[in-house]
Amino acid sequence: MSRHGISSRIVGHRELSGVGGRRYSLRMTETTSHGNELDVTALRSRVAGPVLTPRDDGFADEVAPWIRNFDHTPLVAVGVTSAADVVATVKFAREHSLPVRVQATGHASHFAITDGVLIVTKRMNDVAVDATTRTATIAAGAPWGAVAAAAAEVGLAPITGSSATVGAIGFLLGGGVGPLARSFGFGSDYVESLQVVTGGGELVTVSSDQNPELFWALRGGKAGLGVVTEIRVRLVELESLYGGSLFFDADAIEPALRAWVDYTKTAQPNVTTSVAILRMPDLPFIPEPVRGRTLLSLRFAYTGDSGLDLAAEGDLLAAPLRAAAPVYLDSLGVMPAGEVARIHGDPTDPTVGWTLGRMFTSIDQEFASALLRHVGAQLQAPYVAVEVRHLGAATEVDVAGGSAVGGREAPYTLNLVGAPNPALFAEVLPQYSAALLDDLTPWLAEVTTVNFLGYPGTNAWSAETNERLGKVREGVDPEGMFVLE
Ligand SMILES: Cc1cc2nc3c(=O)[nH]c(=O)nc-3n(C[C@H](O)[C@H](O)[C@H](O)COP(=O)(O)OP(=O)(O)OC[C@H]3O[C@@H](n4cnc5c(N)ncnc54)[C@H](O)[C@@H]3O)c2cc1C
């Protein structure tokens, strides 16, 4: 494995034993070899949703993830429709000593699943917004877009990520930072309570009053903590914001990047920005103005200050960035908060993918030079996107009583998104990225928040948080049934 843990991510090689101080206790490979002998008849009679084995029609569609690198082949996939279905499925897995995984959308499908039970939550997609308490109750499989749309109807907004198709629960379990991160913090800071099925098959309520240690862990601890059937989150009062993206063409990438690096040093707490160097494929489905071009997309979100004119203030705050270099396309302006996913313009259709995330303790002009040496416009870098986000302000402030979110102290994130060509995934991207990360070593943080790391490796949390998480996992799942990936 390389110094930066890159190769392990790509080949799906498990780096996970010992995460949080525990090891798997289940017979994963042995179970796989006996796969076809598993009798799921009893399970079918106990759950309302489909129970499918690899021999059944519809199995491939049931397990298909958003990241299409693997055709998953769990022994059995259960399309749960209720908390009762989840309880019955977990009890069945326990009776048969099978490992359990959960998939909502499959945006984090970085390893091939070849054994055990896969709980598919996509049918549990109810979202109920209560305008009086300013909360949303989100079922296990709902994507952020559905939550944002329901909240917008009553002038409220959830604290989402950049993409409308990412699952709310998977995101929140990892903490979750989005386009409004500096204004509002991590998404998990807004979690009020959860319904969770434990390794014993018991449905429990988790909040600051009930099971508080599990409550601490589920906000950022990501995996091995049970199956969440529903989450209640606080919503914020936000109908509009000033946001969008400034696109700079290849020649303007360097001055725009350098101006942004300086801008982040004094940015207001309610302004969240990021940059992404995009190498847009020359393909018909890419909109004409950006097709086949290398561009820098500078994303901007200002959430306003009551009493001030949003458009005028936004224009003022964005002025130094607009002046950094000639702007090729400008979509900045007042926009509905329910359309926050427009700011980053993440892909929405399933795709093969290779990603690598890290965090930085700081950045400066030397950092910009190092980054450009590897991914500057004149180079043939193997990425479709190289993104740096500015966090800090609200993300640095933990909730009362604390949470397991990792990386809270690091004010910048890095996301490398490889060109969607599987031929590059095994060697070209890992090697190119290792050289890039070597050059960025002076700015790298020790911890990378788990959603950006992509899997719950030990460097997703501090040693202290890791140890505490290990104890919570032991308590909720003593037999180690819930797989940590
Ligand atoms: C295009 C894209 C954009 C992204 N943008 C952001 C971003 O802006 N900010 C950010 O923080 N992250 C972002 N991510 C990362 C994303 O938040 C994580 O990958 C998240 O885990 C995806 O959740 P999911 O439900 O969509 O995916 P899935 O692959 O279905 O689930 C991911 C994992 O979440 C856990 N999980 C899901 N549901 C449950 C449940 N009901 N009970 C227990 N465990 C469960 C499981 O461990 C599962 O393996 C992005 C990812 C992609 C691909």
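Preceding block: the structure.
Below, the structure is looked at part by part. (Residues numbered from 1 in each chain as written. Predicted model: local features only at pLDDT ≥ 70, side-chain atom pairs only at ≥ 80, totals over all residues. Heavy atoms only, no water.)

1. With respect to the overall build of the protein chain
What counts is decided by this rule: Strands are runs of DSSP state E lasting at least two residues, helices are runs of H or I lasting at least four, and both sets are numbered from the N terminus onward. C-alpha atoms define the radius of gyration in this analysis, and the globule rule sets the expected value at 2.2 Å times the number of residues to the power 0.38. Only protein chains enter the accessibility calculation, which uses a 1.4 Å probe; a residue whose area is less than 20% of its type maximum is buried, one above 50% is exposed, and one in between is partly exposed. Whether two residues touch is decided by their heavy atoms; if any such pair falls within 4.5 Å, the residues are in contact. The method behind every accessible area is Shrake-Rupley, applied with a 1.4 Å probe, and residues are considered shielded solely by the protein chains displayed.
A tally of regular secondary structure across the protein chain gives 15 helices and 19 strands. For 485 residues, the compact-globule estimate of 2.2 N^0.38 gives 23 Å, and the protein chain sits close to it at 22 Å. Dimensions of the protein chain, computed from the C-alpha atoms along their principal axes, are close to 65 × 55 × 45 Å. Expressed as a percentage of the 485 residues in the protein chain, the buried residues total 56%. Of the contacts made within the protein chain by residues no fewer than 6 positions apart, 74% connect residues no fewer than 24 positions apart. Only carbon and sulfur atoms are counted for the fraction: they give 51% of the accessible area of the protein chain, which is about 19,100 Å².

2. Details of the nonpolar core
Counted only if it meets this: Side-chain atoms within 4.5 Å are what join buried Ala, Val, Leu, Ile, Met, Phe, Trp, Tyr and Cys residues into a set we call a nonpolar core.
The biggest cluster of nonpolar side chains holds 49 residues, and the ones touching the most others in it are W260, F300 and F360. The residues touching W260, leaving out its near neighbours within four places in the chain, are T273, S274, V275, L298, L321, I363, V388, R389, H390 and Y412. Judged by nonpolar contacts, the second largest core, of 37 residues, contains W144, A168, L173 and L453.

3. Side note on empty space enclosed by the protein
Rolled over the atoms, a probe sized like a water molecule indicates the empty space that remains. To keep it simple, the criterion reads: Here a cavity means grid points, on a 1 Å grid over the protein atoms only, where a 1.4 Å probe fits yet cannot get out; a pocket means an open set of points with protein on both sides within 12 Å along at least five of seven lines; lining residues are those with an atom within 4 Å of a point. Grid points are joined across faces, edges and corners, and a volume is the space filled by probe spheres set on the points. Each residue gets one label: Ala, Val, Leu, Ile, Met, Phe, Trp, Tyr, Cys and Pro are nonpolar, Asp, Glu, Lys and Arg are charged, and the others, such as Gly, are polar.
For the coordinates displayed, the defined rule picks out three cavities of 30 Å³ or more. Of the voids in this model, the largest cavity is the one considered here, and its volume is about 60 Å³. Every residue along the wall of the largest cavity is listed here: G178, P179, T272, T273, S274, R299, F300, I343, H344, R389, H390 and L391. For the lining of the largest cavity, the secondary structure elements donating two or more residues are β13 (271-279), β14 (294-302) and β18 (383-390). At three residues, β13 tops the list of elements feeding residues into the lining of the largest cavity. The calculated volume of the second largest cavity comes to roughly 40 Å³. Every residue along the wall of the second largest cavity is listed here: A148, A157, P158, T160, L180, L238, L241, A337, G338 and V340. A breakdown of the residues in the lining of the second largest cavity according to their chemical character gives eight nonpolar, two polar and no charged.

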